[in-house]
Amino acid sequence: MKPEELKKYFENYQLATQNFNKNSIKNSLVKYFSENSLFHFCYPFGTFNGLDKLLTNCINPLLDSIPDLERRDMIVMAGTTPEGKDWLGTMGNYMGTFLKSFLDIPPTGNLVHMRYHEFFQIENNQIIEMQSIWDLPELMMQANAWPMSPQLGSFLCTPSPMTGDGLKIEGDGSKNFDIVINMLRDMVLHPSNPNPQVMNLDKYWHPRFNWYGPVGIGTARGIEGFRHWHQIPFLRAMPDRKGGSSNDSLKNEGLQDMQTHWIYEGDYVCETGWPNMRSTISQDGWMGIAPSNQIIEMRSLDFWRLENGLIRENWVLVDLLDVYQQIGVNVFDRIKEFNKARNIGDINISKGLGSIK
């Protein structure tokens, strides 16, 4: 299918989830999913099949906690991967009033935001696979319940593209795809070559680029911010990282069990990998995690926007809670300990009419 056909197909999904209705959401989404549809969701939701489990495991519990939940797409792009598969990638924020605890995250009674990156593989007019990361740590941070190390980067509600064209992407993106692939290939030249300059950051990244990382790492501005608040701790902790560029490179690195899916349109490129990187935490410095020589895999769903041949914005979500789970740390158990002396009951907000004088 052409990108415009994939986006047209997706329009009713967007309409149904802009303002969720718990009574009708199943009827709205049943045209998209079958009982065989495969769902890869971030920790703790896991992998499962079928729309009923998507609703029972993920959407309905979130709706119970945020009854006025809305889904706000900021990037929607579609295309056919180099392997010939039709995919659609979306980035945006779930927003609404947080009134009831969700996964033991205490409610705030206020408007909250939670970024999502959600990818859909479409075949024969149905979604046969969905890959989704919800930035659950972002919800924890707003509830003052993030129980892990403080993040180094900034905390903010992730913005849409500064060009405002994230929902109107079109055009040939092949040149920008080549730039992103070459950037990733240069990234992995270090630390085999110990000189950080071999990564050629100035060649690929705009001087004022924004790197919107997952909560737990945070957002960074420019090459200096990127290096200090993300790259240096990351590379120091896991110098043997492998993966993250293309299926050919994954095979060359002996990672045949991993796979990436790339689509590109106009100034935008996106990738999904479930997982797409394998590393050993052999040194200190990344998110306060001790160097346990533990091998971990990372799920990452990423978007890049380029401007005159340089990367100006990069939206990155990594399933960090799954990383913690792999090293034997259950963040949700820590939240329970963190909130033992805290009232996390439901919040009821009146209409406020009796308090006006």
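This report concerns the structure included in the present document. Note that this is a predicted model, so its numbers are computed, not measured.

1. Side note on the overall build of the chain
Part 1 of the reasoning: Looking only at helices and strands, one finds ten helices and 13 strands in the chain.
Part 2 of the reasoning: The buried share among the 357 residues of the chain stands at 55%.
Part 3 of the reasoning: Total accessible area on the chain stands at roughly 15,900 Å², and carbon and sulfur atoms take up 47% of it.
Part 4 of the reasoning: One way to put it: in the chain the 33 positive side-chain charges average out to a point 4 Å from where the 41 negative ones average out.

2. Comments concerning the side chain of Asp322
Part 1 of the reasoning: Topologically, Asp322 is positioned in helix α9 (residues 320-326).
Part 2 of the reasoning: One polar contact links Asp322 to Gln326, side chain to side chain, over a distance of 2.8 Å.
Part 3 of the reasoning: Discounting chain neighbours no more than four positions away, the residues touching Asp322 are Tyr43, Glu297 and Arg299.

3. Structural notes on the nonpolar core
Part 1 of the reasoning: Among the nonpolar cores identified, the biggest contains 105 residues, and Phe33, Trp134, Leu136, Trp205 and Trp286 are the most heavily contacted of them.
Part 2 of the reasoning: Beyond its immediate stretch of four places on either side in the chain, Leu136 contacts Cys42, Tyr43, Pro44, Phe45, Phe102, Leu103, Ile105, Met114, Leu321 and Phe332.

4. Quick look at the pattern of salt bridges
Part 1 of the reasoning: As enumerated under the stated definition, the model contains 15 salt bridges in all.
Part 2 of the reasoning: In this structure, Asp64 engages Lys22 in a salt bridge whose closest nitrogen and oxygen atoms are separated by 2.5 Å. One end of the pair, Asp64, is in helix α3 (residues 51-65); the other, Lys22, is in the loop between α1 (3-18) and α2 (25-29), with 42 residues separating them in the sequence.
Part 3 of the reasoning: Residues joined by salt bridges that share partners form a network here, namely Arg305, Glu307, Arg312 and Glu313.

5. Description of the environment of Asp186
Part 1 of the reasoning: Mapping Asp186 onto the fold places it in helix α5 (residues 174-187).
Part 2 of the reasoning: Separated by 113 residues in sequence, Asp186 and Asp73 place their C-alpha atoms 31 Å apart.
Part 3 of the reasoning: Ignoring sequence-local partners within four residues, the contact set of Asp186 consists of Val198, Met199, Asn200 and Tyr204.
Part 4 of the reasoning: A polar contact is formed between the side chain of Asp186 and the side chain of Tyr204, at a distance of 2.8 Å.

6. Here's the deal with the sheet that holds strand β4 (residues 86-97)
Part 1 of the reasoning: Within the open sheet, the six strands sit side by side as β2-β1-β6-β5-β4-β3. Their pairing is mixed. Here the strands that pair on one side only, and so sit at the sheet edges, are β2 (46-49) and β3 (70-80). Neighbour-to-neighbour, the strand axes of this sheet turn through a mean angle of 15°, independent of strand direction.
Part 2 of the reasoning: Bridge count between strand β1 (residues 38-41) and strand β6 (residues 126-134): four bridges; the pairing is parallel. Opposite Phe39, over in β6, you have Met130 as the bridge partner.
Part 3 of the reasoning: Here α1 sits on the sheet in contact with β3, β4, β5 (111-123) and β6, set at roughly 165° to β3.

7. Observations concerning the packing of aromatic side chains
What describes a pair of aromatic rings is the distance from one ring centre to the other and the angle between the planes of the rings.
Part 1 of the reasoning: One pass over the full model with this rule turns up 27 aromatic pairs.
Part 2 of the reasoning: Between Trp205 and Phe209, the aromatic rings sit 4.4 Å apart at their centres with planes inclined by 45°, giving tilted as the arrangement.
Part 3 of the reasoning: Taking 5.7 Å as the distance between ring centres and 70° as the angle between the ring planes, the aromatic pair formed by Phe209 and Phe226 counts as edge-to-face. Of this pair, Phe209 sits in strand β7 (residues 205-212) while Phe226 sits in helix α7 (residues 222-237), and the two are 17 residues apart along the sequence.

8. Remarks on the side chain of Glu70
Part 1 of the reasoning: As for its placement among the helices and strands, Glu70 is situated in strand β3.
Part 2 of the reasoning: Given the relative accessible area of 19%, Glu70 is considered buried.
Part 3 of the reasoning: Side chain to side chain, Glu70 and Arg72 meet in a polar contact 2.7 Å long.
Part 4 of the reasoning: Other than its neighbours up to four places away in sequence, Glu70 contacts Thr17, Gln18, Asn19, Phe20, Asn93, Tyr94 and Met95.

9. Observations regarding α7
Part 1 of the reasoning: The end-to-end C-alpha distance of α7, which contains 16 residues, comes to 22 Å, matching closely the 22 Å that a straight helix rising 1.5 Å per residue would cover.
Part 2 of the reasoning: Among the residues making up α7, those that are buried are Gly222, Ile223, Gly225, Phe226, His230, Gln231, Pro233, Phe234, Leu235 and Ala237.

10. Some remarks on the environment of Leu152
Part 1 of the reasoning: With respect to the helices, strands and loops of the structure, Leu152 is situated in the loop between α4 (136-142) and α5.
Part 2 of the reasoning: For Leu152, a relative accessible area of 48% gives the class partly exposed.
Part 3 of the reasoning: In this structure the C-alpha to C-alpha distance between Leu152 and Ile217, which are 65 residues apart in sequence, comes to 6.0 Å.
Part 4 of the reasoning: Sequence-distant contacts of Leu152, that is, excluding residues within four places in its chain, are made with Ile217, His228, Trp229 and Pro233.

11. Some details on α1
Part 1 of the reasoning: Compared with the 22 Å implied by 1.5 Å per residue over 16 residues, the 21 Å span of α1 between its first and last C-alpha is a close match.
Part 2 of the reasoning: For α1, the set of buried residues is Leu6, Lys7, Tyr9, Phe10, Tyr13, Gln14, Ala16 and Thr17.
Part 3 of the reasoning: Buried-residue contacts for α1 involve α2, β3, β4, β5, β6 and β10 (260-265).

12. Quick word on the pairing of β3
Part 1 of the reasoning: Of all eleven residues in β3, nine are buried, a share of seventy percent or more.
Part 2 of the reasoning: Summarising the sheet, β3 and β4 pair through ten bridges and their orientation is antiparallel. Looking across to β4, one finds that Glu70 is bridged to Met95.
Part 3 of the reasoning: Joining the antiparallel neighbours β3 and β4 is a turn of five residues, in which Gly84 adopts a positive phi near 90°.

Conventions adopted
Residues numbered from 1 in each chain as written. Predicted model: local features only at pLDDT ≥ 70, side-chain atom pairs only at ≥ 80, totals over all residues. Heavy atoms only, no water. Helix = DSSP H or I, 4+ residues; strand = E, 2+ residues; numbered from the N terminus. Buried < 20%, exposed > 50% of the residue type's maximum accessible area, 1.4 Å probe, protein only. Areas by Shrake-Rupley, 256 points an atom, 1.4 Å probe, with all protein chains shown as cover. Lys, Arg positive; Asp, Glu negative; His and termini not counted. Charge placed at Lys NZ, Arg CZ, Asp CG, Glu CD. Polar contact = N/O pair within 3.5 Å; in protein donor to acceptor, adjacent residues only side chain to side chain. Contact = heavy atoms within 4.5 Å. Core = buried A, V, L, I, M, F, W, Y, C linked by side-chain atoms within 4.5 Å. Salt bridge = Lys/Arg side-chain N within 4 Å of Asp/Glu carboxyl O. Pairing = 2+ DSSP bridges. Axes fitted to C-alpha atoms, helices over the stretch in contact; angles between N-to-C directions. Phe/Tyr/Trp six-rings, centres within 6.5 Å; stacked < 30°, edge-to-face > 60°. Expected span 1.5 Å × (residues − 1).

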